[in-house]
Amino acid sequence: MTMRLDYLSIFPAYFDVLDISLLGKAAVNGLVEVHAHDLRDWTHDRHRTVDDTPCGGGAGMVMKPDPWGEAFDEIIGTEPDSSVHVIFPSPSGAPFTQSAAQELSSAVRIVFCCGRYEGIDHRVIDYARSMWTVHEVSLGDYVLNGGEVAALAITEAVVRLVPGFMGNPESLAEESFSAGQDGLLEYPLFTRPVSWRGLDVPEVLMSGHHGRIAKWRRDESVRLTCERRPDLTDSDFGVPH
Ligand SMILES: COc1ccc(Cn2ccc3ccc(-c4cc(N)[nH]n4)cc32)cc1
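Residues numbered from 1 in each chain as written. Predicted model: local features only at pLDDT ≥ 70, side-chain atom pairs only at ≥ 80, totals over all residues. Heavy atoms only, no water.

In the annotation of an unreviewed UniProt entry, the chain is listed under the name tRNA (guanine-N(1)-)-methyltransferase and assigned to Cutibacterium acnes subsp. acnes. According to its UniProt record, the chain has this under Subcellular location (unreviewed entry): "Cytoplasm". UniProt annotates the chain under Function (unreviewed entry) with the comment "Specifically methylates guanosine-37 in various tRNAs." (UniProt positions renumbered as here; feature names shortened; annotations may be inferred.)

Q: Just to check I follow, could you spell out the pattern of salt bridges for this structure?
A: Two side chains that carry opposite charge are able to pair once their charged atoms sit near each other. Scanning all chains against the criterion turns up 13 salt bridges. Between Asp66 and Lys64 there is a salt bridge, with the nearest N and O atoms lying 3.8 Å from each other. Among the residues examined, Asp66 registers a relative accessible area of 43% and is labelled partly exposed. By sharing partners, the salt bridges in this structure join Arg4, Asp6, Glu33 and Arg109 into a single network. (Salt bridge = Lys/Arg side-chain N within 4 Å of Asp/Glu carboxyl O. Buried < 20%, exposed > 50% of the residue type's maximum accessible area, 1.4 Å probe, protein only.)

Q: What is the right way to read the sheet that holds strand E7 (residues 133-138) from this model?
A: Sheet strands pair via backbone hydrogen bonds, and the direction of the pair is either parallel or antiparallel. Taken in spatial order, the five strands make up an open sheet running E2-E1-E6-E5-E7, and their pairing is parallel. The open sheet has two edge strands with one neighbour each: strand E2 (32-38) and E7. On average, each strand axis in the sheet is tilted by 25 degrees relative to the strand beside it, whichever way the strands run. Here strand E5 (residues 84-95) runs beside E7; their pairing, made up of seven bridges, is parallel. Counted as the bridge partner of Ala94 is Val137 from E7. Here helix H2 (residues 65-75) sits on the sheet and contacts strand E1 (3-9), E2, E5 and strand E6 (109-113); the angle it forms with E1, its principal contact strand, is near 160 degrees. (Pairing = 2+ DSSP bridges. Helix = DSSP H or I, 4+ residues; strand = E, 2+ residues; numbered from the N terminus. Axes fitted to C-alpha atoms, helices over the stretch in contact; angles between N-to-C directions. Contact = heavy atoms within 4.5 Å.)

Q: What exactly am I supposed to notice about the site of the ligand here?
A: In the vicinity of the ligand, 16 residues are found, and the nearest of them are Pro89, Leu139, Gly140, Tyr142 and Leu144. In the environment of the ligand, a nitrogen atom lies 3.3 Å from a nitrogen or oxygen atom belonging to the side chain of Ser138. The separation between a nitrogen atom of the ligand and a polar main-chain atom of Gly140 is 3.2 Å. Relative to its unbound accessible area of 520 Å², the ligand is 81% covered by the protein chains. Among the elements that line the shell around the ligand, the one with the most residues is E5, at three residues. Residues that form the shell around the ligand fall into these classes: seven nonpolar, seven polar and two charged. (Near = heavy atom within 4 Å. Polar contact = N/O pair within 3.5 Å; in protein donor to acceptor, adjacent residues only side chain to side chain. Areas by Shrake-Rupley, 256 points an atom, 1.4 Å probe, with all protein chains shown as cover. Nonpolar A, V, L, I, M, F, W, Y, C, P; charged D, E, K, R; others polar.)

Q: Teacher, can you tell me more about the UniProt feature "binding site: S-adenosyl-L-methionine" (unreviewed entry) in the chain here?
A: Within this numbering scheme, the UniProt entry marks Gly115, Leu139, Gly140, Asp141, Tyr142, Val143 and Leu144 as carrying the feature "binding site: S-adenosyl-L-methionine" (unreviewed entry). Among the structural elements, Leu139 can be located in the loop between E7 and helix H5 (148-159). Judged by relative accessible area, which is 29%, Leu139 ranks as partly exposed. Setting aside residues no more than four positions away along its own chain, Leu139 makes contact with Phe96, Ala150, Ala153 and Ile154. Turning to its location among the elements, Gly140 is positioned in the loop between E7 and H5. A relative accessible area of 21% places Gly140 in the partly exposed class.

Q: Is there a simple way to think about the pairing of E5 in this case?
A: Residues in a regular strand project their side chains so that they alternate between the two faces of the sheet. Relative to E6, E5 runs parallel, the two sharing four bridges. If you follow Ile87 over to E6, its bridge partner there is Phe112. In the classification by handedness, the crossover that spans E5, the intervening helix H3 (residues 98-104) and the parallel E6 is right-handed. (Right-handed = clockwise from strand over helix to strand, strands pointing away.)

Q: Would you mind showing me how to read the nonpolar core here?
A: One broad trend across soluble globular proteins is that nonpolar side chains are buried collectively. Counting residues in each nonpolar core, the largest one holds 29 residues, and the members touching the most others are Leu5, Phe96, Ile110, Phe112, Val158 and Phe165. Counting residues per element, this core draws most heavily on H5, at six residues. In contact with Leu5, not counting residues within four places along its chain, are Val32, Glu33, Val34, His35, Ile110, Phe112, Thr155 and Val159. Grouped together as the second largest cluster of nonpolar side chains are 23 residues, Met63, Trp68, Ala71 and Val134 included. (Core = buried A, V, L, I, M, F, W, Y, C linked by side-chain atoms within 4.5 Å.)

Q: Could you clarify how one ought to interpret the confidence of the model for the chain in this entry?
A: Parts of the prediction with low pLDDT should not have their coordinates interpreted in detail. Residue-level pLDDT values for the chain average 93, and 95% of them are 70 or greater. This prediction of the complex comes with two scores: 0.93 for pTM and 0.99 for ipTM. (pLDDT = per-residue confidence, 0-100.)

Here's what the structure looks like:
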């Protein structure tokens, strides 16, 4: 099953990068199909205007609804279809999580609507909600200039979970935030040389004693999680506060 990804933006060149590395390979393997579109292709004035001043006043500019609606008609269609997932990155969106990425990895179609300026006329989101499955998502509590970088991050988080994408699916189970780690941060990783600039690999990892290695790794995950992400330590996970 091929996943179709569409990107609507006034900077479609942001998505040229999707031809590189793993994502490029996935596209070649037919796992994903990527289409980037310039929102200005759905404007009709000489200046290809996509923005206007906010109703009710306020600073900055708001993206007009018209180009979005015409782009939707052409790219997605005019019939409702709940199997189409439309993602609006937004500073006021719900936090994007690994479980959201997991859910989206089984989608047949995802359309990323990348806003700029102060954002998109809200009726665009309301219209999209009446037609498709809409997700307004934030990448985190920091401010970007537009939705493109967020769309790239979400794309990578989702596509790497598509069955057949990762060469070694076992590696997915051991990662931070994956269910396999009980919601804990990943333990520190080491490889050869065993001694490097006076810094040595922890002896336990060279002991060949799998039980002790597993305990060291678990203890390190708990220590790191308590130190850096107390919000992840919850009595449900049995991790001490
Ligand atoms: C505070 O109000 C703001 C309103 C708009 C903007 C610029 N902008 C325009 C579209 C757009 C889409 C996503 C994001 C974004 C997402 C996250 N996690 N941070 N920033 C930012 C975006 C900045 C701030």
